[in-house]
Amino acid sequence: SKYLSTMSMSSSSNSGSLGEAVAAAADVCSHLRQPYDRCFIDWYRQSFLSGNLSSEADATCKKLLADYRKCVMQELAAKGKEHVADFEET
């Protein structure tokens, strides 16, 4: 996700270990990110670009993103980096 990519870049300058933990968690959870990425691309092409911005149009992708994010946060918590999860979602 955009958030994880941004977090990974900014974290690497502050603490190599946090950046490494984020990268490792993302790698462990890549089996969940790949379906989300495909879903997002399909949603973007088929719904967004055609003007279908209804919440139903992207419900499947939201579930896939939630699964991926949960996996990443669990991996970070297992490495003692659960403080990274302290953020507000919009």
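Cut-offs applied
Residues numbered from 1 in each chain as written. Predicted model: local features only at pLDDT ≥ 70, side-chain atom pairs only at ≥ 80, totals over all residues. Heavy atoms only, no water. pLDDT = per-residue confidence, 0-100. Helix = DSSP H or I, 4+ residues; strand = E, 2+ residues; numbered from the N terminus. Contact = heavy atoms within 4.5 Å. Buried < 20%, exposed > 50% of the residue type's maximum accessible area, 1.4 Å probe, protein only. Arc of directions from axis to C-beta. Disulfide = S-S within 2.5 Å. Phe/Tyr/Trp six-rings, centres within 6.5 Å; stacked < 30°, edge-to-face > 60°. Salt bridge = Lys/Arg side-chain N within 4 Å of Asp/Glu carboxyl O.

Fine structural detail should not be taken from predicted coordinates in areas where pLDDT scores are low. For the protein, the mean per-residue pLDDT works out to 78, and 74% of the residues sit at or above 70. Confidence scores differ between elements of the protein, with helix α1 (residues 2–14) showing the lowest mean pLDDT of 42 and helix α3 (residues 30–48) the highest of 93. When the criterion is pLDDT under 50, residues 1–16 qualifies, and its contacts beyond four places in sequence or with other chains add up to 18 contacts.

Attention now goes to α3. Regarding α3, the residues found buried are Y36, C39, W43 and S47. Down the axis of α3, the buried set is contained in an arc of 65 degrees. They therefore lie on one face. Away from its buried face, by an angle of more than 90 degrees, α3 presents the exposed residues R38 and R45. For α3, the elements touching its buried residues are α4 (59–78).

So, on to the state of the cysteines. Put plainly, a disulfide is one covalent bond tying together the sulfur atoms of two cysteines. Overall, the coordinates contain 2 disulfides when judged by the stated rule. Between the sulfur of C29 and that of C71 lies a disulfide, 2.0 Å long from S to S. Disulfide C29-C71: the torsion about the S-S bond is -85 degrees, which places it as left-handed. Pair noted here: C29 is in the loop between α2 (16–28) and α3 and C71 is in helix α4, with a separation of 42 residues, a long-range link.

Attention shifts here to the packing of aromatic side chains. In the structure shown here, the tally under the stated rule is 5 aromatic pairs. Between the aromatic rings of Y36 and F40, the centroid separation amounts to 6.2 Å while the plane-to-plane angle is 40 degrees, which identifies the pairing as tilted. With Y36 and F40 both in helix α3 and 4 residues apart, the pair spans about one turn of that helix. Exposure remark for Y36: the relative accessible area of 13% places this residue in the buried category. By way of ring pairs, the aromatic residues Y36, F40, W43, Y44 and F48 are connected into one cluster.

This paragraph deals with the pattern of salt bridges. Within this structure, the stated rule accounts for 3 salt bridges. Between D37 and R33 there is a salt bridge whose closest N-O contact spans 3.3 Å. Taken together, the residues D37 and R33, both in helix α3 and 4 residues apart, mark about one turn of the helix. Residue classification places R33 among the partly exposed residues on the basis of a relative accessible area of 25%. In this structure, E75 and K79 form a salt bridge, with 3.6 Å as the shortest nitrogen-oxygen distance. Judged by its relative accessible area of 22%, E75 is partly exposed. For K79, a relative accessible area of 40% gives the class partly exposed.

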